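Fold and contact review
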Amino acid sequence: MTVIRTDLIPNIYANPISNISKANTAIVTVPTVAKVVSTTGTIGTVTGSGNTSAPWTAALSLMSAVTGLQSGSIITATANTGSFATGGVVSVKEVTGNKSITINKIGGNVPTAGIVLNITLPAVSTLPTFIQDGDAILFTNPGNKITFSSSTGTFEAGETISQPTSLATGVVTNVLPTSVEYIATANVFNTSNVVTGGSSGATTTPTAVTGMNQLLVSGITNNNQYYYKNLTPTTFELYIDEALTIGANSSTFTTYTANAGQYTTFDTVEITTP
């Protein structure tokens, strides 16, 4: 088998972003998510003393699921008629069935028998587990908004807006009285020239442009592709060279819209001969 060529194909599943710093080198922060394992469960009789040699122990039954739990998993729950109580750490002692576990608790106050809700594993990073330093990523939606004092006509959700002088385009996602939220599709809108709605014909000159849409034109060969370098479980840096020596400089970019925007990773596809 001979490899004819290797292609990078953008993954169809986008990843969320919490923030991107204005810095040289730009740092991306991703959110964490907590996994609710079971929507409910019932704490049985509690025994023990709450210390390391004799933890408080109880059966937790009538759960909706136990997927993802194993011995040692730390869990939390919302109090109902029962409670894990304040302080200390609750963990899984043993998975005893497909809808039941035994819990241990060390420290804090003694758990209360009864129903608890939303039994949850700790929050984990949304960074893909397979991503490595030097991998390419693609920004697909930096979470943008143009603000204006007035407009001629009314913009429409779903239409394409454009600014011929900057060659900027975007697709409107939300229309407000003095602003339009959009997904940028090319280049960067400015506050000096007219923006026009493709379907509505509405026009305006923005008074402000927010969202770090410069990401669409500041990457590798002036596009929206960058190289990844890990910092922490929830942060990574952006580079514009594969050797990771030239950082993406976002210090003069417009401020990123918090908790908006997305990026995708790439899948490697090899085309071969039999």
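See above for the structure.
Please read these numbers as outputs of a predicted model, since none were measured by experiment. Sequence positions are assigned chain by chain, starting from 1 and proceeding in written order. Residue-level local features of this predicted model are given only where pLDDT is at least 70; pairs of side-chain atoms are given and counted only at 80 or more, and the full residue set underlies all totals for whole chains, interfaces and linings. Excluding hydrogens and water, the side-chain values take into account all heavy atoms of the structure.

**Quick look at the nonpolar core**
Counting residues in each nonpolar core, the largest one holds 19 residues, and the members touching the most others are Ile20, Ile137, Phe139, Leu215, Phe236 and Leu238. Mapped by element, the contributors of at least two residues to this core are strand S13 (136–141), strand S21 (225–232) and strand S22 (235–239). Here, residues are in contact when the closest pair of their heavy atoms is within 4.5 Å. Excluding residues that lie within four positions of it along the chain, Phe139 makes contacts with Ile17, Ile20, Val28, Leu215, Leu216, Asn224, Tyr226, Leu238, Gln262 and Tyr263. Among the nonpolar cores identified, the runner-up in size contains 16 residues, and Ile43, Ala58, Val92 and Ile119 belong to it. Residues belong to a common nonpolar core when they are buried Ala, Val, Leu, Ile, Met, Phe, Trp, Tyr or Cys residues joined through side-chain atoms within 4.5 Å. Think of it in three bands: with a 1.4 Å probe and only protein chains considered, a residue is buried below 20% of the maximum accessible area for its type, exposed above 50%, and partly exposed in between. Runs of E in the DSSP output that reach at least two residues are strands. Runs of H or I that reach at least four are helices, and both are numbered from the N terminus.

**Observations concerning the packing of aromatic side chains**
Two rings from Phe, Tyr or Trp (for Trp, the six-membered ring) form a pair when their centres are within 6.5 Å of each other. A pair whose planes differ by under 30 degrees is stacked, one over 60 is edge-to-face, and the rest are tilted. Taken as a whole, this structure holds five aromatic pairs when the rule is applied. Relative to Tyr226, the ring of Phe139 lies with its centre 5.5 Å away and its plane at 80°, an arrangement referred to as edge-to-face. Of the two residues, Phe139 sits in strand S13 while Tyr226 sits in strand S21, which places them 87 residues apart along the sequence. Accessibility expressed as a relative area gives 0% for Phe139, which makes it buried. Tyr226 sits in the buried class, given a relative accessible area of 1%. With a centroid separation of 5.2 Å and an interplanar angle of 80°, the aromatic rings of Tyr182 and Phe189 are classed as edge-to-face. Classification of Tyr182 by relative accessible area gives buried; the value is 2%.

**Description of the side chain of Ser83**
Here Ser83 is to be found in the loop between strand S8 (76–79) and strand S9 (89–97). Judged by relative accessible area, which is 19%, Ser83 ranks as buried. A polar side-chain atom of Ser83 sits 2.7 Å from the main-chain amide nitrogen of Ala85. In contact with Ser83, other than residues within four places in its own chain, are Ile43, Pro111, Thr112 and Val116. Pairs of N or O atoms within 3.5 Å make up the polar contacts considered here, provided that, within protein, one atom can donate a hydrogen while the other can accept it, and that residues adjacent in sequence are counted only when both atoms are side-chain atoms.

**Topic: the sheet that holds strand S11 (residues 114–120)**
Across the sheet, which stays open at both edges, the six strands sit in the order S8-S11-S6-S7-S10-S9 with antiparallel pairing between neighbours. The open sheet terminates on both sides in strands that have one partner only, identified here as S8 and S9. If you compare each strand with its neighbour and ignore which way they point, the axes differ by 35° on average. Strand pairing follows a simple DSSP-based rule, namely that at least 2 bridges must link the two strands. With axes taken as lines fitted to C-alpha atoms, and helix axes fitted only over the stretch in contact, angles between N-to-C directions fall between 0 and 180 degrees.

**Here we look at the side chain of Ser38**
One can find Ser38 in strand S6 (residues 36–43). Ser38 sits in the buried class, given a relative accessible area of 1%. Within the local environment of Ser38, its side chain forms a polar contact with the backbone oxygen of Thr40, the two atoms lying 2.5 Å apart. Polar contacts involving the side chain of Ser38 include one to the main-chain amide nitrogen of Ser64, which spans 2.9 Å. Apart from residues lying up to four places away in sequence, Ser38 is in contact with Met63, Ser64, Ala65, Asn118 and Ile119.

**A few points about unusual backbone geometry**
A positive phi angle is found at Ala85, which is not glycine, with a value near 70°. Locating Ala85 in the fold gives a position in the loop between S8 and S9.

**Quick look at the sheet that holds strand S18 (residues 195–197)**
Ordered by their spatial adjacency, seven strands build an open sheet running S19-S18-S15-S16-S17-S14-S20, and the pairing between neighbours is antiparallel. Only two strands of the sheet have a single neighbouring strand rather than two, namely strand S19 (203–204) and strand S20 (208–210). Pairing analysis gives two bridges linking strand S15 (residues 160–163) to S18, with the strands arranged antiparallel. Its bridge partner being in S18, Ile161 is matched across the sheet by Gly197.

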